[in-house]
Amino acid sequence: MADESGFPRDQVFTRICHVKQGYDDRRRHIVREFERRGVPVYFYTDWDRPDITPQIRDELVAPALTHPATVSLALKHVGIWRDFLETDLPYCLVFEDDVFLARDFVAKFRQGLSELGGPARKAVIYLGNGSNYYTPSWKLRKGQRLYPALHARCTDSYLITRPVAEARCAWIEQNKICTSIDHQVEQMDEKLGIEMLWFERPIVEQGSENGAFQTSISAKRYPRLYKSVKWKWKKYTRMIFGHNARS
């Protein structure tokens, strides 16, 4: 019998974007963080920068997108969606390798999964507070976890259903990856009619945003203490007043 309080391994395909070599601090952090929260640890390490051949680029990446780390990360997300579709599991949970999980991550995640209503829904749930996007506090309702959003958050942590993975993979095969994965999923999801839902309050935080880690893809690098203070200021003010990219 499945554990109704633990992580729903029998329903959710889980992968963490990572690399084969380097970033050992991130690997150690993820193993420690996920194990203490009761979340399975499965690293996805295909399509590192050295693995990306001209043939792969021609097949999946637009010529204008040339930044190696950006291309690699985007392909990792696409690879995870493809691997998910080879299983018979109904849900796919994707993380990047710098995330921190809430102490009650599993309990709240299960609540969100229940609220979603079923795997036939063509929807993505953004679990984290990427870019410090929040639904205003006065719009929150007791017991409600999922809130319709005007746009995506970031791709550090999200859940998708099979209809979403199928639609995204088909779109990429036809149109190719044209920009960073954060922006790519938002652009194609809007065109594909995929529901974008924000989990409130978020149960994941990205370490490269809150100052715990340096970013691995951006050319802009700031002192981690500066990033931490700036992040916390934005976080707590936007939790009260809300914030999105369309207002």
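Source: prediction; values computed, not measured. Residue indices begin from 1 for each chain and proceed along its sequence in written order. Only residues with pLDDT of at least 70 are given local features in this predicted model, and only at 80 or more are side-chain atom pairs given and counted; all residues enter the totals for whole chains, interfaces and linings. To obtain the side-chain values, all non-hydrogen atoms of the structure were used and water was disregarded.

Trainee: Account for the pattern of salt bridges, with residues named and values stated.
Mentor: Take a side-chain nitrogen of Lys or Arg and a carboxyl oxygen of Asp or Glu: if they are within 4 Å of each other, that pair is a salt bridge. In total, this model carries twelve salt bridges according to the counting rule given. For Asp 48, the salt bridge goes to Lys 20, with nearest N and O atoms at 3.7 Å. Linking Asp 48 in the loop between β2 (43-44) and α2 (54-60) with Lys 20 in the loop between β1 (12-17) and α1 (24-37), this pair joins segments that are 28 residues apart in sequence. Remark: exposure states derive from per-residue accessible area (1.4 Å probe, protein chains only) relative to the maximum for the residue type, with buried under 20%, exposed over 50%, and partly exposed in between. Residue classification places Asp 48 among the buried positions, given a relative accessible area of 8%. The partner of Arg 201 in a salt bridge is Glu 200, with the nearest N and O atoms 3.0 Å apart. Strands are runs of DSSP state E lasting at least 2 residues, helices are runs of H or I lasting at least 4, and numbering of each runs from the N terminus.

Trainee: A description of the pairing of strand β3 (residues 91-96) should follow, citing residues and the corresponding values.
Mentor: Where burial is concerned, most of β3 is hidden: six out of the six residues are buried. With six bridges connecting them, β1 and β3 associate as parallel partners. Note that in β3 the partner of Arg 15 across the bridge is Val 94. Here β3 runs beside strand β7 (residues 157-161); their pairing, made up of five bridges, is antiparallel. Counterpart to Tyr 91 in the pairing with β7 is Thr 161. Here, strands pair whenever DSSP counts at least two bridges between them.

Trainee: Can you break down the packing of helix α5 (residues 162-175) against helix α6 (residues 181-192) residue by residue, with the values?
Mentor: Running from amino to carboxyl end, α5 crosses α6 at an angle of 105 degrees, the nearest separation of the two axes being 10 Å. It follows from the interaxial angle that α5 and α6 lie roughly perpendicular. For the pair formed by α5 and α6, the contact residues are Ala 167, Arg 168, Trp 171 and Ile 172 on the first element and Gln 184, Val 185, Met 188, Asp 189, Lys 191 and Leu 192 on the second. When its residues are assigned to classes, the contact of α5 with α6 shows six nonpolar, one polar and three charged. Orientation is described by axes fitted as lines to C-alpha atoms, over the contacting stretch for helices, and by angles from 0 to 180 degrees between their N-to-C directions. Note on angle classes: values under 35 degrees are labelled roughly parallel, values over 145 roughly antiparallel, values of 65 to 115 roughly perpendicular, and the remainder oblique. By the convention used here, residues are in contact when the closest approach between their heavy atoms is within 4.5 Å. Residue polarity is assigned by list, with Asp, Glu, Lys and Arg as charged and Ala, Val, Leu, Ile, Met, Phe, Trp, Tyr, Cys and Pro as nonpolar; anything else, Gly included, falls into the polar class.

Trainee: Which residues make up helix α3 (residues 68-85), and what values go with them?
Mentor: Multiply 1.5 Å by the residue count of a helix minus one, and that product is the helix's expected span. Compared with an ideal rise of 1.5 Å per residue, which puts 18 residues at 26 Å, α3 spans 26 Å between its outermost C-alpha atoms and is within 8% of the ideal. Within α3, 14 of the 18 residues are buried, leaving the element largely enclosed by the surrounding structure.

Trainee: So, α6: which residues are in play, and what are the values?
Mentor: For an α-helix the count is 3.6 residues per turn, leaving residues at separations of three or four pointing the same way. The end-to-end C-alpha distance of α6, which contains twelve residues, comes to 16 Å, matching closely the 16 Å that a straight helix rising 1.5 Å per residue would cover. All of the buried residues in α6 are Ile 181, Gln 184, Val 185, Glu 186, Met 188 and Asp 189. Positive phi appears at Gly 193, one or two residues downstream of α6, with a value of about 70 degrees.

Trainee: Mind laying out the state of the cysteines, listing which residues take part and the relevant values?
Mentor: The definition used for a disulfide is geometric: two cysteine sulfur atoms within 2.5 Å. The full count for this structure, using the stated rule, is zero disulfides. In this structure Cys 17 is a free cysteine whose sulfur lies 9.6 Å from that of Cys 92, the closest cysteine sulfur available. Of the cysteine sulfurs around Cys 169, a residue in no disulfide, the closest is that of Cys 92, at 9.4 Å.

Trainee: Requested: an account of the packing of aromatic side chains, with residues and values cited.
Mentor: Here is the rule: rings of Phe, Tyr and Trp (six-membered ring for Trp) pair when centre to centre is within 6.5 Å. Planes less than 30 degrees apart are stacked, more than 60 are edge-to-face, and the remainder are tilted. Here the structure, examined in full by the defined rule, presents seven aromatic pairs. Ring geometry for Phe 13 and Phe 84: centres 6.0 Å apart, planes at 35 degrees, overall tilted. On the criterion of sequence distance, the pair formed by Phe 13 in strand β1 and Phe 84 in helix α3 is long-range, its members being 71 residues apart. A relative accessible area of 0% places Phe 84 in the buried class. For the ring pair Phe 95 and Phe 105, a centre distance of 6.1 Å and an interplane angle of 50 degrees mean the geometry is tilted. Within this pair, whereas Phe 95 is found in strand β3, its partner Phe 105 is found in helix α4 (residues 105-116), the two being separated by ten residues in sequence. In this structure Phe 105 comes out as buried when scored by relative accessible area, which is 0%. These aromatic residues form a ring-pair network of at least three members: Phe 7, Phe 34, Phe 95, Phe 105 and Phe 109. Charge-over-ring placement is defined geometrically: NZ (Lys) or CZ (Arg) within 6 Å of the ring centre, and within 35 degrees of the ring normal. The cationic tip of Arg 27 hangs over the ring face of Phe 43; the distance from NZ or CZ to the ring centre is 4.3 Å. Lying over the aromatic face of Phe 84, Arg 162 brings its terminal NZ or CZ to 5.1 Å of the ring centre.

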